[in-house]
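Residues per chain are reported as follows:
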Amino acid sequence: MRISNLTGISAACLAVVFGATFSAQARDLTVSAWGGSSQAAQKKVYYEPFAAKTGTKVLEDSWSGGIGILRTKVQGGNANWDVVQVEADEAILGCDEGLFEKMDWKALGGKDAFVKGAATDCAVGSVVWTTGLVYDGAKFADGPKSWADFWDVKKFPGKRTMRKGPKYTLESALMADGVAPADVYKTLRTPAGIDRAFKKLDELKPNIVWWTAGSQPPQLLASGEVVMADAYFSRALAANKADGRKFKVVWPGSVYAIDFWVILKGTPNKEAAAKLVTFMTRPEQQKGFPPLAFQGITSVEGAKQVDAAVQPSIPTYPANMQVALPLDVEFWVDNNDQLNQRFNAWASK
Amino acid sequence: MPAAPSAPLGGRQLKQRLRRIQRRQALRAFALLAPLMLFLAVNFLLPITLMFVRSVDDPDVRRVLPRTLAAISNWDGLALPSNEAGAALLADLGAVENREDLSRAANRLNYDINGFRSLIFRTARSAGRIDATHAMDALGALDQRWKDIETWGAVKRAAGPTTSFYLLGALDMKKNAGGEIHRVGSERAVFTLVLARTLWISLWVTLLCLLLGYPVAYLLATIPSNVANILMILVLLPFWTSLLVRTTAWVVLLQTDGPVNGALRWVGLIDQPLQLIFNRVGVYIAITHVLLPFMVLPLYSVMKSLGPTTMRAAISLGAHPFTAFLRVYVPQTMPGVFAGTLLVFISAIGYYITPALIGGADDQMLSYFIAFYTNETTNWGLAGALGVVLLMMTAVLYLIYSRLAGGAGPRWA
């Protein structure tokens, strides 16, 4: 009797141990995006209206990128996300590795309904975002206008913050060194070009504070820790709206890229996930997004319908796009590993 | 259980029954332990084993380029391989059906040489159109890099089934096409430096914790218990707050216009704000704060068991109170000191979030890189190898330490 009791307890413990480790339960449709002001806006214009319209509950999670996380989720057989907002390099790598379901382009309205580069086999563009020079308009009456000014610590004394990593940082350094935006990746594809970028970074190194999370630069600017930032425009513009800041963004020399929606392979909620993605890429839904998030949208039709007052603050505004540099995703897929290693070796010295 | 038969038992039968009962008891004890054992196996042994396996496992290129690898298996790496190798590569790439496998193999080669990923995809796209009789020339015409010996060296290094590529990489070393091991260039050598830095930061944090924790533990052990309980809550308070919250709180406190700088300026100690954050100082402050309880608690538990009598005896025999403290009290607390320093040091080695948020770019510790390669680039081989290096280093230090600590420190058995 006692023994069978014990066996029962052991079995229960076993169930707990294994249950916690391996269980895959039925769950609600879950979407994971990048948090912050952007996800708050997505909730308002996408998730909540979708739930209200279809009666499908939408759970939210947030993450900050990394193809490794997606690979673990899909190959571990315990993917607790269905729809994920990914960066362009993750969209490419994940599609190549078969981590995503294929998109149903018929349901999405055809690839031509989206801006260039926003339509791939397993991903559809969600937002167009920009990173570049941001400064506090309350501190400088006549603020910096270019990356050369960002490097000019005599004219604009004080610390600057840049992303702790080579991506966007090397691009900015080359532009500060006089490379035209159109030639940046051509230069970076040569070893001499990479040396040149790091040499330029050497000049500014003592004055750089590095950021890791997108929420840091507006805080660092607001607290006066730094006077300029190489950071996401949307966060700065959202802080202007929410906290009454006077952050200014410099469009010339900014870098823009597209984020994507993907559906993780093998999800039990595939149908609902596809419906949600379709819903989120409709022009009539997308047009409400830029006024809240200050990010561009991917629907060609939707972009035309965005509130005219907001147009000049989003990356897809023609005057902004003309002076900006599109992120070369293929370059970063090839070089991310080794340039990161080199960046870290450089930063450690 | 049925009642025992009433007939008297012989010696042998008695022994048998005793053994049976003992066996049952052992089984019962094991049943109680089984969940714990299983938990340990699933959550500790398995991940560590997998980490070791990952750091040497190299299956991806074998799967996609079997003919190429066979063709260059005897290649000496001194000159370009023969045309046969080029033809085999074209045949392999032309025959790939599973794009996922190709992607894995391309990634693996890209870890070795920058840009190899797009080179593989580009070559695969044209593989069907190239004439195999002049394969090497055609490959060279398609892309200059196929004329480079090191390109083929990278393919050979990825032959598998096991590899030393990741472990060597974790120590900033690499094999060239000819199989000789050499150090990578200084622009890429980062891990040995980071490992040394990780140990150095952990050492300082441990010393700071000891310096701050010893008096606190002494105070807690010697004052009346009702006051001590309140102070103990203050020591334990950090445990009840999330690590992330505590770290962010330090960002607020230590920033240029933060309260710490404000207070120092107000009392007139400094004119210009000190740089307390995004550098090593901030890292030391924040990690020490987080790990302090791990030092105070073991010290406290040892000190609590020591009465004041030995100190009194020493003083009554003529020792100066300070000498008595140093020569009588401190030696008795050594087990606590050893346990505390060990706990703090080993916890500090694995720190990741705090240096990431409070440190500068040159304050990152090894776990930052492990997380980077695990999450961002899926270079799990290198992540595993870095983990192995860290584990080995910790084990070696632990062995040296327990030898030094002698009877006072924790032992293996």
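Remember, predicted model here, so these are calculated numbers, not experimental data. (Residues numbered from 1 in each chain as written. Chains lettered and ligands numbered in written order. Predicted model: local features only at pLDDT ≥ 70, side-chain atom pairs only at ≥ 80, totals over all residues.)

Quick look at the domain arrangement of chain A
All names here are of chain A.
At step 1: Taken as a whole, chain A is organised into domain 1 (24-128 + 258-322) and domain 2 (131-256).
At step 2: Averaged C-alpha coordinates put domain 1 and domain 2 at centres separated by 27 Å.
At step 3: The partner domain 2 presents ten residues to the eleven residues of domain 1 that form the contact. (Domains from an automatic or database assignment. Contact = placed C-beta atoms within 7 Å.)

Here's the deal with the packing of helix H4 (residues 83-95) of chain B against helix H7 (residues 135-142) of chain B
Residues and elements named next belong to chain B.
At step 1: Interaxial distance between H4 and H7 falls to 7 Å at its minimum, and their mutual angle equals 65°. When the axes of H4 and H7 are compared, the pair comes out roughly perpendicular. Residues Asn83, Gly86, Ala87 and Leu90 of H4 pack against Ala135, Met136 and Leu139 of H7.
At step 2: When grouped by side-chain class, the residues that make up the contact of H4 with H7 number five nonpolar, two polar and no charged. (Axes fitted to C-alpha atoms, helices over the stretch in contact; angles between N-to-C directions. Helix = DSSP H or I, 4+ residues; strand = E, 2+ residues; numbered from the N terminus. Parallel < 35°, antiparallel > 145°, perpendicular 65-115°, else oblique. Nonpolar A, V, L, I, M, F, W, Y, C, P; charged D, E, K, R; others polar.)

Here we look at the nonpolar core
At step 1: Core analysis: the largest hydrophobic core is formed by 164 residues, its most contacted members being Val134, Val262 and Leu264 of chain A together with Leu291 and Leu386 of chain B.
At step 2: Among the elements that make up this core, the one with the highest residue count is helix H14 (residues 280-305) of chain B (14 residues).
At step 3: Beyond its immediate stretch of four places on either side in the chain, Leu386 of chain B contacts Ala170, Phe191, Leu366, Phe369 and Ile370 of chain B.
At step 4: Membership of the second largest hydrophobic core comes to 30 residues, among which are Leu89, Ile130, Ala135 and Leu139 of chain B. (Core = buried A, V, L, I, M, F, W, Y, C linked by C-beta atoms within 7 Å. Buried ≥ 20, exposed ≤ 12 C-beta atoms within 10 Å, placed from the backbone.)

Let's talk about the domain arrangement of chain B
Residue and element names in this part refer to chain B.
At step 1: Each assigned domain of chain B is listed here: domain 1 (60-183) and domain 2 (191-405).
At step 2: With seven residues of domain 1 at the contact, the number on the domain 2 side is ten residues.
At step 3: Sort the elements by how many residues they give to the side of domain 1 that touches domain 2 and helix H9 (residues 165-170) lands first, with four residues.
At step 4: Partitioned by chemical class, the residues of the side of domain 1 that touches domain 2 number five nonpolar, one polar and one charged.

Points about the pairing of strand S4 (residues 124-136) of chain A
All names here are of chain A.
At step 1: Taking burial as the measure, the 13 residues of S4 include 13 buried ones, the bulk of the element.
At step 2: Two elements, S4 and strand S8 (residues 247-263), share eleven bridges in a ladder whose sense is antiparallel. Looking at S8, one finds that Leu133 is bridged to Val250. (Pairing = 2+ DSSP bridges.)

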